[in-house]
Structure formats: structure tokens, C-alpha cells
Protein chains: 2
Amino acid sequence: MGKCKFWTLRSNFQGQAKLSDFQLVEEDIPTNLKDGELVCEALYLSVDPYMRLFSDWSEVGKPVVGEQVARVTDSKNAKYPVGSVIRLSSGWRSHTHVKDVSTIDVMPELGDLPLSLTLGVMGMPGMTAYFTLLDVLKIKKGETLLVSGAAGAVGSLAGQIGKIMGCTVIGFAGTNAKVKWLKELGFDHAFNYKTEDVGKSIDRVAPDGVHCYCDMVGGEISFQVIKRMRDHGRMVVLGSISTYNNSTETTGPYLFSDILTKSLTITGFIIFNIREKWHIGEKQMAEWIKEGKLKYKETITNGFEHMPEAFLGLFSGENTGKAVVKA
Amino acid sequence: MGKCKFWTLRSNFQGQAKLSDFQLVEEDIPTNLKDGELVCEALYLSVDPYMRLFSDWSEVGKPVVGEQVARVTDSKNAKYPVGSVIRLSSGWRSHTHVKDVSTIDVMPELGDLPLSLTLGVMGMPGMTAYFTLLDVLKIKKGETLLVSGAAGAVGSLAGQIGKIMGCTVIGFAGTNAKVKWLKELGFDHAFNYKTEDVGKSIDRVAPDGVHCYCDMVGGEISFQVIKRMRDHGRMVVLGSISTYNNSTETTGPYLFSDILTKSLTITGFIIFNIREKWHIGEKQMAEWIKEGKLKYKETITNGFEHMPEAFLGLFSGENTGKAVVKA
């Protein structure tokens with residue numbers, strides 16, 4: 001009988017997440033499956049900033065939440081024979097006993113594209129970027145789009161989709177290497193928010209203000225952007241990485257006067273609420289990649305045992321593009 | 001030749017607005033009108049909290065912005081003969097020389113209703129309440145609506161429209177007399193935010209949270225409400241009276257985590273942007289008043305020379321319902 005491993009929380013995070021908050025647990029892999037059930041083994045696992053936020057409600061002792069791509073290793077389900085590759089949200093687990101196959105995601109058509117993309121460009125981050133721009137912001141050609149956390153998994157794709165849609169795209173990231181990469185991706189303007197004044201940078205390249213803002217970070221950058229949004233500007237809150245590790249109330253600037261006098265709209269958006277539409281976005285993203293219009297970068301960490309390190313890298317600015325763990 | 005008076009700002013407000021910030025100016029009433037022009041004399045003038053905000057961009061020396069209902073006293077325009085009653089946004093002026101009659105608002109059908117209502121229930125505040133609930137929040141029967149600044153011109157109407165739409169309505173106001181009035185208006189729950197804990201009050205009467213929030217005040221009350229909004233909750237920022245008199249940056253709570261994880265939508269709304277639709281709301285409000293479904297209160301100050309006092313009363317909590325000045 002083999003062993004399954006999973007990562008759980010020793011306790012809910014207090015402030016900055018740290019390695020000692022995580023605990024690796026072993027259990028037996030079940031063998032006597034019932035009809036319809038299967039067991040799969042993780043191939044790639046996703047680590048994403050949102051997991052920091054969701055962990056506040058996670059139950060200590062249960063696996064940390066998250067998506068993975070896995071291969072079926074045991075099956076009593078004809079639809080998923082041994083060897084099938086599936087995508088599921090079973091958390092930070094090396095093996096998963098799937099009792100209800102309706103919890104398995106539909107896999108996108110990958111063609112020649114790498115399997116890990118089902119957790120990135122064609123997974124949660126990619127779909128977040130796609131539906132934010134097309135469904136929530138309804139971005140229009142000629143508008144100015146600003147993306148914070150622009151070198152991350154969602155931000156780097158949101159900016160590129162903005163370019164495909166015919167927008168002027170401004171990105172903020174935290175290192176010069178990331179800024180250089182954003183320019184290679186076709187961002188019209190990219191700045192290092194750690195070394196350049198956010199407000200003055202926007203004033204220089206978008207003196208008439210910003211139509212749309214994809215906010216990954218919250219805090220001071222968002223404060224500066226909101227002050228520079230145009231009348232009827234639209235802002236989507238997709239993340240708030242600058243505030244996740246505060247153990248106190250995560251408050252930040254809330255510019256009532258700006259929201260009111262400029263008739264702004266601010267929307268929080270969670271892609272898991274519209275999973276039934278993902279196939280539309282996945283198909284489009286695959287086409288854009290094949291046409292050379294969309295580029296991506298993955299930061300791959302080897303080894304299931306290094307999941308906590310890969311996750312913590314998201315908050316220290318080490319990560320560019322999508323962070324994935326190869327099991 | 002008669003004299004026209006208007007109120008202007010001695011300087012833009014610094015912090016709390018005060019009487020000495022205003023200055024009364026006299027000028028001649030023009031006599032030799034050109035074809036198409038007219039002169040009118042104010043009958044009722046509106047004072048509203050938004051004027052505090054807009055004054056930051058007002059030009060010192062020009063009349064303070066605002067609406068009025070006026071009677072035509074001289075005319076070279078056949079459409080508006082002497083004696084006609086018109087509504088216009090010419091600011092805090094006793095007389096207005098109208099050179100372009102396209103700037104005159106269409107007057108609603110009043111029937112037997114008092115003329116001052118064209119500045120209240122059937123004017124800016126009433127239309128704000130109506131279109132906020134029907135067009136922006138798109139409020140649905142059975143939802144829970146929370147209104148801050150609920151005893152004011154907009155809030156008292158928004159709460160009553162919520163009741164007409166079949167919602168549970170919670171109001172916050174700043175005196176026990178106002179709270180009593182809100183209950184007379186049919187609010188399901190009303191609280192004095194100065195003497196009761198906002199968060200605990202909401203928890204008690206709406207343990208499942210709030211669907212919709214009409215925010216007039218910003219600041220600490222909004223912080224407590226946002227924390228208690230339901231998933232996909234909708235919030236409209238209509239005012240921010242708690243922050244207007246801050247001379248520093250008007251920052252307040254901005255709950256990134258709440259906006260994100262609950263997929264909230266926050267929209268700033270200015271009714272002047274959809275003036276072409278007012279006639280729909282005005283007709284409906286008149287019907288509701290006649291049917292006894294909608295009640296209103298006016299705080300009328302007598303005398304054009306007392307406009308600054310009437311305006312300052314909006315910020316000291318003295319005002320209930322719509323504040324109007326009878327010239």
C-alpha cells in the first residue's frame with residue numbers, strides 16, 4: 001500500500017506566512033475503490049496568492065486549497081481509466097481519492113502546449129485575465145489599461161490581452177528585470193514601483209488618466225491609481241497582495257470623493273464563480289499562443305515537498321509569471 | 001434698474017465650511033435683453049451636501065453651484081413669457097440672466113404638489129434615490145437594503161422606495177428624532193449611529209448580511225457595512241458627508257479583501273449624468289406621493305440672505321429631509 005502526502009496548516013497564518021506554518025502529513029492511499037471512484041497522482045500543482053487569503057478560513061489539518069493536474073493511477077470509473085489526465089481542485093495533495101467525479105474540471109484542448117498551462121494561461125490565472133477584460137471591464141479599443149502586479153500570472157496576461165484589444169497598457173512591477181520583461185511582452189509603459197514614483201509615472205504617460213485598472217495589489221499603488229482614473233473609470237479588484245500579510249484589518253485608501261465625483265465602478269471578481277464559461281476563454285488563449293500574440297513565463301519548482309517555498313516566493317517578489325510545482 | 005444678489009466663496013473651503021467663507025455680491029439686473037434671452041427671479045433654492053465637494057473646484061468670485069426654481073421677470077423668448085416658472089442650475093443667485101434657454105431644465109408635472117418639490121422629491125435628491133435603486137442597484141424584492149444618512153433628502157426617499165420595492169430596509173441617522181421619523185416612514189429598522197454600535201446593530205437585524213448599500217456618509221459607518229455585505233453585494237457611493245470637511249486626503253477604509261472575496265460592486269453615481277431620464281422618475285415619484293406611498297419632509301429656511309446658514313446646517317446634523325431656501 002502506497003503513501004499519500006498532503007500539506008496542511010499547523011495554524012492559520014499570523015501576519016507574514018512562513019515555512020513553519022506548514023506541515024506535511026502522510027496517509028495511506030486507498031485501495032478498495034467503490035464503483036465510480038478513482039485515485040490520481042499529482043503531476044503539477046498550482047500556488048497562487050489567493051491561497052493566502054483563503055487560508056484564513058481553511059481548516060487546520062485539511063489540505064491547503066488549490067488546483068492540480070493529475071494522472072489517474074487507479075480507477076473504477078470507465079470515463080477516467082488509469083492513465084487519464086485530469087484537472088481538479090483537491091488542494092496540496094500528492095494523491096487524491098476522488099469519490100465524486102463531478103468535482104473534476106473539464107480539461108482544455110491542449111494540442112502541443114505543455115500540460116502545466118492548464119494551471120496558468122489556460123487555468124485560473126488565464127481565465128481571470130481573460131474574463132476580467134472581456135466580461136467585467138468590457139475593455140474597448142483605444143482605452144488606457146493599468147495593471148498592478150503586472151509581472152505575475154494574471155497581470156502579465158491581462159496586459160497582453162489589453163494590447164490584443166488595442167489598448168494602451170501600463171504595468172507596474174517590483175524589479176527592473178520584471179519591467180524589462182513587461183516591455184518585451186509589448187506593454188507600452190512599465191515601471192518599477194519600488195524605485196519610481198507611481199503617481200508621477202502615470203501622470204507622465206497618461207496625462208488624461210486611466211480608463212481601466214486591474215488591481216492585484218491594493219494599498220498605496222491603488223491609492224495613486226484611483227486618484228488618476230478618468231470619469232466612469234472601471235476598476236477590478238483581483239487581488240490584494242500588499243495587504244494579505246497584515247494581521248490587523250486590511251484597510252487601505254478608500255477615496256470616497258474619487259469614486260463619487262468620477263462615477264467610478266469597482267468590482268471584486270472571482271473566476272471560480274463562472275467556471276461554466278472557462279472553455280470559451282481557454283480556446284481563445286490557446287489560439288493567441290499559437291498565433292504568437294500571447295507569451296507566458298512559468299516559474300517551476302521541482303518537488304512536492306517544496307510547495308511551501310514556492311508559495312512563499314509569491315510574496316517575496318521572487319516570482320515572475322505563473323508559479324507551478326512539478327510533483 | 002434692480003439689483004441681483006449672488007453668493008460666492010471668499011476662498012475655497014479649508015476643512016469645516018464656515019459663514020465667513022461666503023460673500024454676498026450685488027450686480028445690476030440686465031435690462032436690454034437680446035432676442036431669445038430672459039431674466040428670472042429665484043423662488044426656491046436648493047442647498048445640498050454635494051455643493052461642499054464641488055466647491056473645491058469652484059471659481060472664487062463665481063456663484064456657488066446649485067439648482068433653483070424661478071419666475072421669469074423679463075423675457076424676449078416666446079416659449080418663456082414673463083410669469084413662467086422654470087428650473088435651472090444657475091447657482092446661488094437671486095436673479096439669473098439666461099442667455100441660452102437650452103440650459104433650463106424641463107419642469108415636472110406638479111399638479112397640486114408644492115413647487116419646492118422640484119428641488120427635492122422630484123428634483124436632484126429624488127431622482128438620485130429613484131435611479132440608484134432601480135438602475136444602479138437594480139434592487140430586487142426580498143433583498144436587504146441599508147441606507148446611511150437615512151434622514152437626509154436622498155436617504156429618506158431611498159429607504160421608502162426600498163420598502164415600495166418589497167425590501168427589508170435598515171437606516172442609520174444621527175439623532176433619536178430622526179430615527180423615530182424613519183420608523184414612521186416605514187423603515188424596518190433604524191438606529192442612531194452616535195449612540196448605537198453600527199456593526200452590532202446590523203448583526204442583530206440582518207445576521208445574513210446586506211445585499212445593497214446606499215452610502216451617503218463614507219468613513220467608519222461604511223467600513224462596518226462593507227464588512228457585513230453579502231456575496232455579490234452592491235454598494236452605491238452617493239455622498240461622503242463624513243469626509244467632505246477633511247482638508248487632508250479623504251481616505252477611509254477600503255476593504256480590499258471584502259471587495260475581492262465577496263465579489264462586491266461599488267459604484268459612484270451622479271444623477272446629473274442622466275438628466276434625460278429624469279421625467280420617468282419624476283412621474284413615478286408624483287404618483288407614489290399621491291398614492292400615499294412616499295412621504296417627505298422639507299426644512300425650509302426663509303430668505304436668500306440665509307443660504308450659507310441653511311447650507312452649514314447640512315453638516316451639523318440639524319437638517320431632516322430636504323433643505324430648501326425660500327427666496
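Residue positions are given per chain, counted from 1 along the sequence in the order it is written. Chain letters start at A and ligand numbers start at 1, both assigned in the order the entries are written. Where local features are concerned, this predicted model is filtered to residues with pLDDT of at least 70; where side-chain atom pairs are given and counted, the filter is 80 or more; whole-chain, interface and lining totals use all residues.

Draft legend 1. Molecular detail of the overall build of chain A. Runs of E in the DSSP output that reach at least two residues are strands. Runs of H or I that reach at least four are helices, and both are numbered from the N terminus. Counting secondary structure elements, chain A contains 9 helices and 15 strands. For 327 residues, the compact-globule formula gives about 20 Å, and the C-alpha radius of gyration of chain A, at 20 Å, lands near that figure. The principal-axis extents of the C-alpha atoms in chain A amount to approximately 65 × 45 × 35 Å. Labels follow a simple rule on C-beta atoms placed from the backbone: if 20 or more others lie within 10 Å of a residue's own, it is buried; if 12 or fewer, it is exposed; otherwise it is partly exposed. Residue burial in chain A is summarised as follows: out of 327 residues, 49% are buried. Radius of gyration means the value over C-alpha atoms here, while the globule rule gives 2.2 Å times the residue count to the 0.38 power.

Draft legend 2. How the structure looks around the domain arrangement of chain A. Residues and elements named next belong to chain A. With domains assigned, chain A is organised as domain 1 (3-120 + 297-326) and domain 2 (124-272). An automatic or database domain assignment supplies the start and end points of every domain. One C-alpha centre belongs to domain 1, the other to domain 2, and the line joining them spans 29 Å. We call two residues in contact if the C-beta atoms placed from their backbones are at most 7 Å apart. On the domain 2 side, the residues contacting the 18 residues of domain 1 number 16 residues. Tallying contributions element by element places helix 1 (residues 50-54) first for the side of domain 1 that touches domain 2, with 3 residues. A per-class count over the side of domain 1 that touches domain 2 returns 5 nonpolar, 9 polar and 4 charged. Under the scheme applied, nonpolar residues are Ala, Val, Leu, Ile, Met, Phe, Trp, Tyr, Cys and Pro; charged residues are Asp, Glu, Lys and Arg; polar residues are all the others, including Gly.

Draft legend 3. Molecular detail of helix 2 (residues 124-136) of chain B. All names here are of chain B. Every helix has an expected span of 1.5 Å times one less than the residues it contains. For helix 2, with 13 residues, the first-to-last C-alpha span of 16 Å runs short of the 18 Å given by 1.5 Å per residue. With 11 of 13 residues buried, helix 2 is to be regarded as a mostly interior element. Turning to helix 2, its buried residues number three or more, namely M124, P125, G126, M127, T128, A129, Y130, F131, T132, L133 and V136. K138 occupies a position one or two residues after helix 2 and carries a positive phi of about 50 degrees.

Draft legend 4. Representation of the sheet that holds strand 13 (residues 265-268) of chain B. Here a strand pair is declared whenever DSSP counts at least two bridges between the two strands. Taken together, 12 strands build an open sheet; the order of strands is 10(A)-9(A)-8(A)-11(A)-12(A)-13(A)-13(B)-12(B)-11(B)-8(B)-9(B)-10(B) and the sheet is mixed. Each edge of the open sheet carries a strand with a single partner, namely strand 10 (189-192) of chain A together with strand 10 (189-192) of chain B. Within this sheet the neighbouring strands show an average axis-to-axis angle of 15 degrees, counted without direction. Summarising the sheet, strand 13 (residues 265-268) of chain A and strand 13 of chain B pair through 3 bridges and their orientation is antiparallel. Counted as the bridge partner of I266 of chain A is I266 of chain B from strand 13 of chain B. Throughout, an axis means a line fitted to C-alpha atoms (over the contacting stretch in the case of helices), and angles, computed between N-to-C directions, take values from 0 to 180 degrees. Along the sheet, helix 5 (residues 198-205) of chain A contacts strand 9 (168-173), strand 10 and strand 11 (210-215) of chain A; its crossing angle with strand 9 of chain A, the most-contacted strand, is approximately 165 degrees.

Draft legend 5. The environment of K227 of chain A, seen in detail. Residue and element names in this part refer to chain A. Mapped onto the fold, K227 is located in the loop between helix 6 (219-226) and strand 12 (229-237). When the 19 C-beta atoms within 10 Å are taken as the criterion, K227 is described as partly exposed. Sequence separation between K227 and L133 is 94 residues; the distance between their C-alpha atoms is 21 Å.

Draft legend 6. Spotlight on helix 4 (residues 176-184) of chain A. All names here are of chain A. Every buried residue of helix 4 is accounted for by K178, V179, W181 and L182. Seen from one end, helix 4 has its buried residues packed into an arc of 160 degrees, which puts them on one side. Across helix 4 from its buried face, at more than 90 degrees, point the exposed residues N176, A177 and E184. Contact partners of the buried residues in helix 4: helix 3 (153-164), strand 9 and strand 10. The first or second residue beyond helix 4 is G186, which carries a positive phi of 105 degrees. Think of the arc as the fan of directions from the helix axis to the C-beta atoms.

Draft legend 7. Structural detail: the packing of helix 5 (residues 198-205) of chain B against helix 6 (residues 219-226) of chain B. Residue and element names in this part refer to chain B. Viewed as axis vectors pointing N to C, helix 5 and helix 6 meet at an angle of 35 degrees, and their least axial separation amounts to 9 Å. As helix 5 runs across helix 6, the sense of the crossing is right-handed. Across the interface between the two elements, V198, G199 and I202 of helix 5 pack against I221, Q224 and V225 of helix 6. Taken together, the residues that form the contact of helix 5 with helix 6 break down as 4 nonpolar, 2 polar and no charged. Crossing handedness: left-handed means the near helix sits turned counterclockwise from the far one by under a right angle, and right-handed means the same turn made clockwise.

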